[in-house]
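Structural description and commentary
Residues per chain are reported as follows:
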Amino acid sequence: MTDHLKIETPRGWIIVSPEGKAELTWNPNFKPKWHRQYSDAQVFVDTQVLRLCEPYVPFLTGMLMLSGTLGTDIGSGTVQWITPYARRQYYMKNRKKINERKPLAGSFWFERMKEVHGRRIISEARKIAGGGK
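All values reported here derive from a predicted model rather than from experimental measurement.

What follows covers the side chain of Gln48. Along the chain, Gln48 turns up in helix H1 (residues 30-53). On the basis of relative accessibility, which here comes to 11%, the residue Gln48 falls in the buried class. If we skip the residues at most four places from it in the chain, Gln48 touches Cys53, Arg120 and Ile121.

For any two aromatic rings, the description comes down to two numbers: the centre-to-centre distance and the angle of the planes. Going through the model one piece at a time under the given rule, you end up with five aromatic pairs. Taken together, the aromatic side chains of Trp81, Tyr90, Tyr91, Phe108 and Trp109 make up a single cluster linked through ring pairs.

Regarding helix H2 (residues 63-70), the residues found buried are Leu64, Ser67 and Gly68. One face of H2 carries all of its buried residues, which in axial projection span an arc of 110°. Turned more than 90 degrees from where H2 packs its buried face, Thr69 and Leu70 sit exposed. Considering only its buried residues, H2 is in contact with H1, helix H3 (86-91) and helix H4 (109-128).

Attention now moves to the layout of surface pockets. What the second largest pocket holds in volume is close to 240 Å³. Val79, Trp81, Tyr90, Trp109 and Phe110 are the residues nearest the centre of the second largest pocket, which is lined by 14 residues in total. Looking at the lining of the second largest pocket, the elements with two or more residues in it are H1, H3 and H4. Split by residue class, the lining of the second largest pocket holds nine nonpolar, three polar and two charged.

Its place among the elements puts Ala22 in strand E3 (residues 22-26). By relative accessible area, which is 52% here, Ala22 ends up exposed. Put simply, Ala22 and Lys6 are 16 residues apart on the chain and 9.4 Å apart in space, counted from C-alpha to C-alpha.

So, about the pattern of salt bridges. This model, assessed by the stated rule, comprises four salt bridges. Across the pair Asp40 and Arg36 runs a salt bridge whose closest N-O atoms are separated by 3.4 Å. Residue Asp40 and its partner Arg36 are both found in helix H1; the two are separated by four residues, about one turn of the helix. On the basis of relative accessible area, Asp40 is assigned to the partly exposed category, the value being 30%. Relative accessible area serves as the criterion here: at 55%, Arg36 is assigned to the exposed category. Notably, a salt bridge pairs Lys102 with Glu54, separated by 3.6 Å at the nearest N-O pair. Separated by 48 residues along the polypeptide, Lys102 in the loop between H3 and H4 and Glu54 in the loop between H1 and H2 bring together distant segments of the chain.

Conventions we followed
- Residues numbered from 1 in each chain as written.
- Predicted model: local features only at pLDDT ≥ 70, side-chain atom pairs only at ≥ 80, totals over all residues.
- Heavy atoms only, no water.
- Helix = DSSP H or I, 4+ residues; strand = E, 2+ residues; numbered from the N terminus.
- Buried < 20%, exposed > 50% of the residue type's maximum accessible area, 1.4 Å probe, protein only.
- Contact = heavy atoms within 4.5 Å.
- Phe/Tyr/Trp six-rings, centres within 6.5 Å; stacked < 30°, edge-to-face > 60°.
- Arc of directions from axis to C-beta.
- 1 Å grid on protein atoms, 1.4 Å probe; cavity = no way out; pocket = protein on both sides within 12 Å on 5 of 7 lines; lining within 4 Å.
- Points joined across faces, edges and corners; volume = space filled by probe spheres on them.
- Nonpolar A, V, L, I, M, F, W, Y, C, P; charged D, E, K, R; others polar.
- Salt bridge = Lys/Arg side-chain N within 4 Å of Asp/Glu carboxyl O.

Don't take any of this as a statement about function, it's just geometry.
The structure is reproduced here in structure tokens:
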């Protein structure tokens, strides 16, 4: 009969005694290392969302676009445009006037940006977080 069974992972290890008693020990280096990588990945995602949505956000004075920067705590995982009219602009249908300087601008800008750039953002964030491809 074996003395002890040890199961190891990057997060820690479990040692099982011959009597069947299991003891879990966390790796003290796991949280600082992975927390930092996950935080870096979230910062990347938030900044990319703001940057890549820019061509899709309607533009008259620039306040709506800038409100995304003001309304977002980079790294929090929540990107929001905070002007009083942002919601109306986002969900507006049948926009009549098209801005010639920003032909992509219009409603549902995040969804449309995500359709074009979403997979690349996820792929890069996964690399930053240590998840490979």
